[in-house]
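Given next are the chains, with one letter for each unit.
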Amino acid sequence: MPYPSHATIRPGASRQRLLQLVAELHALGCATEIKPPQRRLELMLSDEALAGLLSGQLSACLYCFGDVVEWLPEFSPAVLGGLPPRLPTG
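As the structure is a computational prediction, the values presented were derived from the model and not from experiment. (Residues numbered from 1 in each chain as written. Predicted model: local features only at pLDDT ≥ 70, side-chain atom pairs only at ≥ 80, totals over all residues. Heavy atoms only, no water.)

A. Local environment of the overall build of the chain. In terms of helices and strands, the chain carries 3 helices and 4 strands. Listing every helix and strand of the chain by position from the N terminus yields β-α-β-β-α-α-β. The buried share of the chain, reckoned over its 90 residues, is 36%. A fraction of 66% describes how many contacts in the chain between residues 6 or more apart in sequence connect residues 24 or more apart. In the structure as shown, the chain presents an accessible area of about 5,200 Å², 58% of it carried by carbon and sulfur atoms. (Helix = DSSP H or I, 4+ residues; strand = E, 2+ residues; numbered from the N terminus. Buried < 20%, exposed > 50% of the residue type's maximum accessible area, 1.4 Å probe, protein only. Contact = heavy atoms within 4.5 Å. Areas by Shrake-Rupley, 256 points an atom, 1.4 Å probe, with all protein chains shown as cover.)

Okay, here's the thing in structure tokens:
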């Protein structure tokens with residue numbers, strides 16, 4: 001079952017860094033689409049990607065790229081077995 005999510009891209013983001021981020025997300029099991037006019041990175045998480053989400057790998061990956069300023073899971077914690085996604089602090 002796919003789980004939709006999205007991240008906001010900061011203005012003036014580096015295309016090269018975004019493509020690197022997309023490659024990292026694909027490695028975690030996320031299908032992605034960059035939507036430059038909306039400054040948005042669409043994510044579709046696979047069932048396999050949920051393990052990375054719950055362990056914090058997905059949010060850590062997004063946090064490492066300064067071109068992503070916000071990440072909003074569009075699914076409720078109930079979908080994830082009652083566990084909220086772990087987001088990095090700082």
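B. A look at the pattern of salt bridges. Tallied over the entire structure, the rule returns 3 salt bridges. Residues Asp67 and Arg10 are paired through a salt bridge, measuring 2.9 Å at the closest nitrogen-oxygen approach. Here the residue Asp67 occupies a position in the loop between helix 3 (57–64) and strand 4 (68–73), and Arg10 occupies one in the loop between strand 1 (3–9) and helix 1 (15–27), the gap between them amounting to 57 residues. In this structure Arg10 comes out as partly exposed when scored by relative accessible area, which is 28%. One salt bridge connects Arg40 with Glu42, and the closest N-O pair in it is separated by 2.4 Å. According to the relative accessible area criterion, Arg40 is partly exposed, its value standing at 24%. Sharing partners across several salt bridges, the network here consists of Arg10, Arg17 and Asp67. (Salt bridge = Lys/Arg side-chain N within 4 Å of Asp/Glu carboxyl O.)

C. Geometry of the environment of Ala31. Tracing the sequence through the fold places Ala31 in strand 2 (residues 30–35). For Ala31, a relative accessible area of 43% gives the class partly exposed. Taking the C-alpha atoms as reference points, Ala31 and Ala49, 18 residues apart in sequence, are found 9.8 Å from one another. Residues contacting Ala31, with those up to four places away along its chain left out, are His26, Glu42, Leu43 and Met44.

D. View of the nonpolar core. The biggest cluster of nonpolar side chains holds 19 residues, and the ones touching the most others in it are Leu21, Leu25, Leu41, Leu43, Leu45 and Leu62. Residue assignment for this core shows that the elements contributing at least two residues are strand 1, helix 1, strand 3 (40–45), helix 2 (47–55), helix 3 and strand 4. The leading source of residues in this core is helix 1, at 4 residues. The contact partners of Leu25, leaving out residues within four places of it in the chain, are Cys30, Thr32, Leu41, Leu43, Leu58, Cys61 and Leu62. (Core = buried A, V, L, I, M, F, W, Y, C linked by side-chain atoms within 4.5 Å.)

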